[in-house]
Amino acid sequence: MSTDLRPPVPLAARPEPEPRGWAAPLTGTVAAPALSAAVSSAENAFADRTFLLAGGLLLSYALILPSWFPARRQRRNGLVLSGCAVAALSLAMISTLGWAVSLVALLTGHIDG
């Protein structure tokens, strides 16, 4: 017995699923690790720090995973694009943040040059 007081939604009022709604999420799911691996091999930054590569992949997949479920195409494509952008730019974000923290620590006297 349900406690929901709303009447059930008729089948005609439900949105039709897109025939190729799986194409964008599948592309993002495959492209995210490829982008991340290509960027990390070009920079050779994750040779000893694989946890950074895994963190970038997990963050990009956290954005791509919900793209399998929404009904609207714009939201789905936006999630996939943002996930791929995070996979491609995670190395640049991490290295920029690391250099900024190192520079501030050097200028404030917390580390010796």
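Preceding this section is the structure that the text describes.
Notes on the structure follow.

Criteria and thresholds
- Here the residue index of a chain counts from 1 through its sequence in written order.
- Note on the predicted model: pLDDT of at least 70 is required for a residue's local features to be given, and 80 or more for side-chain atom pairs to be given and counted; whole-chain, interface and lining totals, by contrast, use all residues.
- Only heavy atoms go into the side-chain values, all of them from the structure, while hydrogens and water stay out.
- Labels follow the DSSP assignment, with helices taken as runs of H or I lasting at least four residues and strands as runs of E lasting at least two, numbered in each case from the N terminus.
- We call a residue buried when its accessible area falls under 20% of the maximum for its residue type, exposed when it is over 50%, and partly exposed in between, using a 1.4 Å probe and counting protein chains only.
- By definition in these notes, contact holds between two residues if any of their heavy atoms fall within 4.5 Å.
- To be clear on the numbers: accessible area is Shrake-Rupley with a 1.4 Å probe, and residue cover counts the displayed protein chains and nothing else.
- In this scheme, a helix's expected span is set at 1.5 Å multiplied by one less than its residue total.

Secondary structure summary: the protein contains three helices and zero strands in total. Reading the protein from its N terminus to its C terminus gives the helix and strand order α-α-α. Looking at the 113 residues of the protein, the share that counts as buried comes to 20%. Long-range pairs, those at least 24 residues apart, make up 65% of the contacts in the protein between residues at least 6 apart in sequence. As presented, the protein carries roughly 8,600 Å² of accessible surface, and 68% of it is formed by carbon and sulfur atoms.

Turning our eyes to something else, we now look at helix 3 (residues 73–107). Given a rise of 1.5 Å per residue, 35 residues ought to cover 51 Å, and the 48 Å separating the end C-alpha atoms of helix 3 matches this to within 8%. Those residues of helix 3 lying buried are Arg 76, Leu 79, Val 80, Gly 83, Cys 84, Val 86, Ala 87, Ser 90, Leu 91 and Ala 105. Gly 109, located one to two residues past helix 3, shows a positive phi value of around 85°.

By secondary structure assignment, the location of Ser 67 is in the loop between helix 2 (50–64) and helix 3. With residues up to four places along the chain from it excluded, the contact list for Ser 67 reads Pro 25, Arg 76, Leu 79 and Val 80.

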